[in-house]
Amino acid sequence: MQLFIDTADVQEIREAAELGVLDGVTTNPSLVAKTGRPMRECLEEICSIVPGPVSGEVLATDFDGMLAEARELAAIAPNIVVKIPLIRDGLRVVKILTDEGIKTNVTLCFSPLQAVLAAKAGATYISPFVGRLDDIGHDGMEIVEQILEIYGNYGYETKVLVASVRSPNHVLTALRMGADVATIPFNVIGQLIKHPLTDVGLARFIADAAKIPSAS
Ligand code: E4P
């Protein structure tokens, strides 16, 4: 499974990239707004740091606006993936972009049936938002399981990108289910690294190392 980072903060992206575990990046309008930087400037810098797929989202919601913006975003760098919301006109735009060879990430997916439509339109990635489903009392990962099952049944090639990840448990479940990608916030990447027994074990090794006599 590929690991993407879900942020537009280039400092976080640089730190994650240095770990050597980062396959790509996803952003959205809320994450770009947090940086206080223009969208294009932000995406250009991210694409210069990470060679893997970098998702940038259209801001328009009408057909012509989304299509024009998608083409502009795609021209930023060869690794840009254009995020399109899962709405009626969004599906039409995905079909056209796919025919033009532009990669797409269909976002704001909350049901397996939405995911089927995205796959039929030719989406490169589908992003089920598991955390936001959990927030309203549903089981977000159950939707992922259903999408994987359906895509497997019919051989859809769209990659399942688990989004709105809130905890290491989401990542573990995505791995066990065989999802293609999980996009993970910076703080959750930190939680994946940490284990209390690793810290205790290391402290003991350091203490014991001090007792090793030096060579005479
Ligand atoms: C996905 O690409 C989105 O950027 C993201 O995962 C949304 O997560 P949130 O629900 O934590 O805002």
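All of the points below concern the structure found in this document. (Residues numbered from 1 in each chain as written. Predicted model: local features only at pLDDT ≥ 70, side-chain atom pairs only at ≥ 80, totals over all residues. Heavy atoms only, no water.)

1. Observations regarding the packing of aromatic side chains
Part 1 of the argument: A complete count under the given rule lists 4 aromatic pairs for this structure.
Part 2 of the argument: Both rings, one in Phe 110 and one in Phe 129, keep their centres 5.7 Å apart while their planes meet at 65 degrees; by these two values the pair is edge-to-face. Taken as a pair, Phe 110 in the loop between β5 (104-109) and α6 (112-121) and Phe 129 in the loop between β6 (125-128) and α7 (130-135) lie far apart in primary sequence, 19 residues in all.
Part 3 of the argument: Judged by relative accessible area, Phe 110 falls into the partly exposed class, the value being 29%.
Part 4 of the argument: A relative accessible area of 7% places Phe 129 in the buried class.
Part 5 of the argument: Aromatic side chains Tyr 154 and Tyr 156 sit 6.2 Å apart centroid to centroid with 35 degrees between the ring planes, which places their arrangement in the tilted category. (Phe/Tyr/Trp six-rings, centres within 6.5 Å; stacked < 30°, edge-to-face > 60°. Helix = DSSP H or I, 4+ residues; strand = E, 2+ residues; numbered from the N terminus. Buried < 20%, exposed > 50% of the residue type's maximum accessible area, 1.4 Å probe, protein only.)

2. Remarks on the packing of helix α8 (residues 140-154) against helix α9 (residues 168-177)
Part 1 of the argument: As a packed pair, α8 and α9 sit with axes 11 Å apart at the nearest point and diverge in direction by 15 degrees. It follows from the interaxial angle that α8 and α9 lie roughly parallel. In the crossing of α8 with α9, the sense of the turn from one axis to the other is right-handed. Together, Met 141, Val 144, Glu 145 and Leu 148 of α8 and His 170, Thr 173, Ala 174 and Met 177 of α9 make up the contact between the two elements.
Part 2 of the argument: The class makeup of the residues in the contact of α8 with α9 is 5 nonpolar, 2 polar and 1 charged. (Axes fitted to C-alpha atoms, helices over the stretch in contact; angles between N-to-C directions. Parallel < 35°, antiparallel > 145°, perpendicular 65-115°, else oblique. Left-handed = near helix turned anticlockwise from the far one by under 90°. Contact = heavy atoms within 4.5 Å. Nonpolar A, V, L, I, M, F, W, Y, C, P; charged D, E, K, R; others polar.)

3. A closer look at the layout of surface pockets
Part 1 of the argument: Each pocket or cavity is described by its volume, and for the largest pocket that value is around 240 Å³.
Part 2 of the argument: Along the wall of the largest pocket there are 19 residues; nearest its centre are Asp 6, Asn 28, Leu 31, Arg 132 and Ser 164.
Part 3 of the argument: At the level of secondary structure, the elements contributing two or more residues to the lining of the largest pocket comprise α2 (29-35) and β5.
Part 4 of the argument: Counting residues per element, the lining of the largest pocket draws most heavily on α2, at 3 residues. (1 Å grid on protein atoms, 1.4 Å probe; cavity = no way out; pocket = protein on both sides within 12 Å on 5 of 7 lines; lining within 4 Å. Points joined across faces, edges and corners; volume = space filled by probe spheres on them.)

4. Considerations on the site of the ligand
Part 1 of the argument: In the neighbourhood of the ligand, the contacting residues comprise Asp 6, Thr 26, Asn 28, Lys 83, Phe 129, Arg 132, Ala 163, Ser 164 and Arg 166.
Part 2 of the argument: Contact distances for the ligand include 2.7 Å between an oxygen atom and a side-chain N or O atom of Asp 6.
Part 3 of the argument: Asn 28 places a side-chain nitrogen or oxygen 2.7 Å from an oxygen atom of the ligand.
Part 4 of the argument: Burial of the ligand by the protein chains amounts to 85% of its free accessible area of 350 Å².
Part 5 of the argument: Comparing atom positions with the cavity grids shows the ligand to sit within the largest pocket.
Part 6 of the argument: Classifying every residue of the shell around the ligand by side-chain character gives 2 nonpolar, 3 polar and 4 charged. (Near = heavy atom within 4 Å. Polar contact = N/O pair within 3.5 Å; in protein donor to acceptor, adjacent residues only side chain to side chain. Areas by Shrake-Rupley, 256 points an atom, 1.4 Å probe, with all protein chains shown as cover. Sits in = over half its atoms within 2 Å of the grid points.)

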